[in-house]
Structure formats: structure tokens, C-alpha cells
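Below are the chains, spelled out letter by letter.
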Amino acid sequence: MTRISSGKDVSALKVNEMIEVTVEDLSHQGEGIAKVNGYPLFIPGALPGDQLQISITQLKKNFGLGRIIRILKASADRVDPLCDKFGQCGGCQTMGLSYDAQLRFKEKRVRDSLLRIGHIKTLVLPVLGMQDPWYYRNKTQLPIGWHHGSLSIGFYQQASHQIVDTNRCYIQHPVMDAVRQIVRDYLNEYQVPIYDEKSGKGLVRHLVVKTGFASKQVMVIVVINGMKLPQQDMLISRLSKEIPGLVSVVLNHNKQKTNVIMGRENTVIFGDAYLTDQLHHLTFRISPHAFFQVNPEQTEVLYSKVIECADLTGIETVLDLYCGIGTISLLLAQKAGKVIGIETVEAAVKDARANAELNGIFNVSFMAGMVENVMPQLAEPDQKPDVIVADPPRKGCDESVLRAMIKMNPIQIVYVSCNPATLARDLRILEDGGYRTKEVQPVDMFPHSAHVETVVLLVKE
């Protein structure tokens, strides 16, 4: 075994070699990072401050991978994970890290990304975390498959499509565990064919469960490679008897040989085509494909920050990009003169319009179309919104969207991001276009994972 020192020659490292290292940082995926003369080794399950004996599993040009053989001295921030599947299941990456340390890591991740990628040196406020960071998710997506002859319903291993079978999850609403057990029993009892992603054959692919934390309503979606489930009335009967608040059971039809979880078509086999939930005293209709933030408690915190940054007086015109089912749009409309929401998914736009009517809010309109196509067209007639709010997917905004935002010349831009790297890239373009990053507020929407949400206020120089 080799003890790493400053004189260790990186080129002398070998696969399967055992070495001793001290972990310095975490990667954006929550892996520990140790360095040998500047050469990074990524180690799953390792934490900053750990002194470890590791085995090198891969060596590449710019980085290597390792696995823990023995913890020689544990990090002061290391805690016993609550879940016995931690380390196997890819759902949580940082459950072995104390919650205070998780928040510090996320703050550092945002700050480092802004500086390294965007060359933006600004104050990053402490992360707004949860008092009780457990059982917070209102949606779960569980792949279903066979493993060593047994039915598996759980989560994928990290960077793998190997399903880790689970019966309990400590970050999901408990009703989801009850639904999973009913579906497991049904699939076993009636020998329902399970989809095999390699061959493309079989029927049942995924189980998706949505629940309203305020409304207590539950929607169950079974994703199938076909049109109907065998003995589906028996499944409906069990779910309706044993799941309080069940309002919808849906078959989602996905016949494509793809890793995309849900297909485009749905068939409602029980109840309604949607569930409803409340947020900031507004009611929202949520359909099977609709995006709704998965952590209701922290969504209130996140959106309160968006409203604060928008600083509306009641006369402004606001553009809400990537508006989904209209959550932010409707909240802003209560304080703005007019709000225009733009969203790619037509089903979400339909929900957004229904949600506006449901809440009696009429100073808002919604456009269906790809934001990167719509925004340059809106910028041509010299649209002059006072405020633009953008909440893009992980890939961030297309450059054409950012250029259109700059051309529209709003007083301020509120950017909501779930990816610090693409956030930093996009802020650089906006700053070069005449805006200044005034405030950066991370919010912990996903405890025990490496993900972090961030609200940024940019003002016109």
C-alpha cells in the first residue's frame, strides 16, 4: 500500500493499487475528491476531512476513480445514514454528511461555480435549509424490474440502471411506500409481465406517485408498454380501499424503447385526470405530466424569495419564462399589472390557464412554444417588460433567450436555477450584456442530495 505524499508521481499510479488519501472536497455529484499532486480522484461515499485507504478503480487522463477500502479517520461531519440502502441507492448522495455540512457544501458549490465558470465574484448568502429535512418529496418515480429472480421496485444505483429494491424511503412522503407495497403485491399475485429495457419486451415499466401535501390527494401513475393492465380492476380496488385521499389512477402508455420514463398518452382508469394542491394560498391543478416543485415546504421559501426580488408595485409587466403550470406566474400576478407566461409543454400551458381561472386571476396569459423560439420573436417588436423571471431546466437558458432578454432591457431579471454550472455560464452573458448580479440566494430544495436551487437578482447597470 502506498501513502500519498507531495512527491508521489501521478504517472506511477496503477489500477487496483491501494493508497492512503485525505479527502479535500465534494464533486457536484456528491463524491469525495482527493488529489495526488493536483490529479483528482473521485471516491463515492467519501467526505471532506476523511482519511481513507482506497483502491484505484479507474485512471483517465484528467481524473481517476477510487473506492473506499477502510476509513482510517472519519470526517468530523460524518454521520450514520438513516437509510440502510445508502451507498447502493442513487437517490441520496450526501446522507452520510451532517445536515449543517450539507448546507455549507451547497453554498460553496454555488460560490465556486460562479467564480470558476462565470468569473463572477459576488456575495453568496447562506443556504436556506429545512428544520426537518425528511419525508419532504411529493413525487416519486420508481423503476420496476427483475433482479436475480425477484421483483425490484426502487431506485437506480448512481450512474447505473441497476434497480436497488426498497420498501421505505426517508425523503419521500410515506404514502408512496404504501402505494409501492400494494403495486408490488398486485404484480406478484397476478404475474404481470415486467418490462425489460434491453429487449424492449414486457409490460410494466415505472410507478409514479404524486401527492398533495396540503390537499392530501394522491395520484398513482403506472407506466406500461401497452394499453391495459391485466386484472386492473383489482389494483384499483386495493388502492382505493387502502390509500386515503386517492383521487386518480392513470395508465401512461410508453411503447418506445427509450430511457424516457413517461410516454405522451394517458388513460385515466380511476377518478380524475389531475390532483389539486395548495401553494401560497393558491390552488393548482396538477396533471400526470405537469411539473410541480417536489418539496412543498421549501417551494414556499423559494417563491417568496422570487417575489421579494421582483419587487413589484402593481403596475409592472412581467415575463415568466419556463412557467410550467403557472405557479410563479400566478403568484407574481397578484402583485403585477400583467404577467405573460411562456412554456414549451402544451399540457402544462393548459393546466396553467385552468389554474388562473380556478384562482380567479385574469391579469395573466400563457403562450405555448419553445422559449428559445418565442423570446427572439417577442424581442423584435421591442417588447419592454419591466421584469423577467426565468426558471429554466438544468441545461439553463439557450443563448438566444439570454440575448432576447438583454434586448428587451428589463429593469431587473430574477433567475431561478437548479444547476450552479449553467447558472454561472448564463450570468456571465447577462453581465456582459449590461446587468449586475446583485443577490445570490441558494435554497435547499433537495436535502441529502448534491442538488441545490438558487435565486439570483440581476439589475440593469
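Residues numbered from 1 in each chain as written. Predicted model: local features only at pLDDT ≥ 70, side-chain atom pairs only at ≥ 80, totals over all residues. Heavy atoms only, no water.

Asks: Please explain the sheet that holds strand E14 (residues 265-271) as it appears in this structure.
Replies: Within a sheet, adjacent strands bond to each other through the backbone by hydrogen bonds, running parallel or antiparallel. Read from one edge to the other, the open sheet built from seven strands follows the order E10-E9-E8-E11-E12-E13-E14, with strand pairing classed as mixed. Each edge of the open sheet carries a strand with a single partner, namely strand E10 (163-165) and E14. Between one strand axis and the next, the sheet turns by 30° as a mean value, whatever way the strands run. In this structure, strand E13 (residues 246-253) lies alongside E14, joined through six bridges in antiparallel fashion. Counted as the bridge partner of His253 is Glu265 from E14. (Pairing = 2+ DSSP bridges. Helix = DSSP H or I, 4+ residues; strand = E, 2+ residues; numbered from the N terminus. Axes fitted to C-alpha atoms, helices over the stretch in contact; angles between N-to-C directions.)

Asks: For this particular structure, what's the right way to read the packing of helix H8 (residues 399-408) against helix H9 (residues 420-432)?
Replies: Angle between the axes and distance between the axes: these two values describe a pair of packed helices. The contact between H8 and H9 brings their axes to 10 Å, and the two run at 35°. Crossing of H8 against H9: the hand is right-handed. Here Glu399, Leu402, Arg403 and Ile406 of H8 come into contact with H9, specifically with Asp426, Ile429 and Leu430. Considered class by class, the residues forming the contact of H8 with H9 number four nonpolar, no polar and three charged. (Left-handed = near helix turned anticlockwise from the far one by under 90°. Contact = heavy atoms within 4.5 Å. Nonpolar A, V, L, I, M, F, W, Y, C, P; charged D, E, K, R; others polar.)

Asks: What exactly am I supposed to notice about the pattern of salt bridges here?
Replies: Two side chains that carry opposite charge are able to pair once their charged atoms sit near each other. Throughout the structure, instances matching the rule amount to 17 salt bridges. Measuring nitrogen to oxygen at the nearest pair gives 3.0 Å for the salt bridge that ties Glu308 to Lys305. A residue pair is termed a helical-turn pair when its members lie 3 or 4 positions apart in one helix, as Glu308 and Lys305 do in helix H4 (residues 296-310) at three residues. Taking relative accessible area as the criterion, Lys305 reaches 10% and is therefore assigned buried. The partner of Arg436 in a salt bridge is Glu461, with the nearest N and O atoms 3.8 Å apart. With a gap of 25 residues between them, Arg436 in strand E22 (residues 435-443) and Glu461 in the segment after strand E23 (453-460) connect regions that are remote in the sequence. Note on Arg436: relative accessible area 37%, which makes it partly exposed. The structure contains a network of salt bridges with shared partners spanning Asp25, Lys108 and Asp112. (Salt bridge = Lys/Arg side-chain N within 4 Å of Asp/Glu carboxyl O. Buried < 20%, exposed > 50% of the residue type's maximum accessible area, 1.4 Å probe, protein only.)

Asks: Help me out: how do you make sense of the pairing of strand E6 (residues 51-59) in this one?
Replies: Regular strands place side chains that alternate from one sheet face to the opposite one. In this structure, strand E2 (residues 18-22) lies alongside E6, joined through five bridges in antiparallel fashion. Bridging from a neighbouring strand, Val21 pairs with Leu52 of E6. As defined by bridge partners, E6 adjoins strand E7 (residues 64-73) across eight bridges and the pair is classed as antiparallel. Considered in E7, the bridge of Gln53 is made with Arg70.

Asks: How do you make sense of the packing of helix H2 (residues 175-189) against helix H3 (residues 232-242) when you look at a structure like this?
Replies: Where H2 meets H3, the closest approach of the two axes is 10 Å, and the angle between their N-to-C directions is 155°. Looking at the two axes, H2 sits roughly antiparallel to H3. Crossing angle aside, the handedness with which H2 passes H3 is right-handed. When H2 is examined against H3, the residues Val179, Ile182, Val183, Asp185, Tyr186 and Glu189 are found in contact with a partner set consisting of Gln232, Leu235, Arg238, Leu239 and Glu242. Among the residues making up the contact of H2 with H3, the classes are represented as six nonpolar, one polar and four charged. (Parallel < 35°, antiparallel > 145°, perpendicular 65-115°, else oblique.)

Asks: What's the story with empty space enclosed by the protein in this structure? I'm lost.
Replies: All chains considered together, the criterion is met by one cavity of 30 Å³ or more. Estimates place the volume of the largest cavity at around 30 Å³. In terms of lining residues, the largest cavity is bounded by Thr317, Leu319, Ile340, Leu378, Gln383 and Pro385. When grouped by side-chain class, the residues that make up the lining of the largest cavity number four nonpolar, two polar and no charged. (1 Å grid on protein atoms, 1.4 Å probe; cavity = no way out; pocket = protein on both sides within 12 Å on 5 of 7 lines; lining within 4 Å. Points joined across faces, edges and corners; volume = space filled by probe spheres on them.)

Asks: Can you help me understand the packing of aromatic side chains in this one?
Replies: For any pair of aromatic rings, the description rests on two quantities: the centre-to-centre distance and the angle between the ring planes. With the rule as written, the count across this model stands at four aromatic pairs. Aromatic side chains Tyr135 and Tyr170 sit 6.1 Å apart centroid to centroid with 45° between the ring planes, which places their arrangement in the tilted category. In this pair, Tyr135 sits in the loop between helix H1 (99-116) and strand E8 (139-147) while Tyr170 sits in the loop between E10 and H2, placing the two residues 35 residues apart along the sequence. Assessed through its relative accessible area of 15%, Tyr170 is described here as buried. (Phe/Tyr/Trp six-rings, centres within 6.5 Å; stacked < 30°, edge-to-face > 60°.)

Asks: Which parts of the structure should I look at to understand the layout of surface pockets?
Replies: Rolled over the atoms, a probe sized like a water molecule indicates the empty space that remains. Its boundaries defined by the atoms lining it, the second largest pocket holds a volume of some 460 Å³. Every residue lining the second largest pocket is counted, 18 residues in all, and those nearest its centre are Glu31, Pro44, Gly45, Gly87 and Gln158. Considering only residue class, the lining of the second largest pocket consists of six nonpolar, 11 polar and one charged.

Asks: Mind showing me how you'd approach the nonpolar core here?
Replies: A general trend in soluble globular proteins is that nonpolar side chains are found buried together. Ranked by size, the top nonpolar core spans 93 residues in total, and within it Leu187, Val204, Leu207, Val222, Leu229, Leu239 and Leu332 carry the most contacts. Those residues within four positions of Val204 in sequence are excluded, and the remaining contacts are Ile144, Leu187, Val192, Pro193, Ile194, Tyr195, Val222, Val223, Ile224 and Leu229. Ile120, Val124, Tyr322 and Val452 belong to the second largest nonpolar core, which has 35 residues in total. (Core = buried A, V, L, I, M, F, W, Y, C linked by side-chain atoms within 4.5 Å.)

Asks: Help me understand the environment of Gln256 in this model?
Replies: Secondary-structure assignment places Gln256 in the loop between E13 and E14. Linking Gln256 and Phe291, residues 35 residues apart in sequence, is a C-alpha distance of 22 Å. Sequence-distant contacts of Gln256, defined by excluding residues within four places in its chain, comprise Tyr195 and Arg205.

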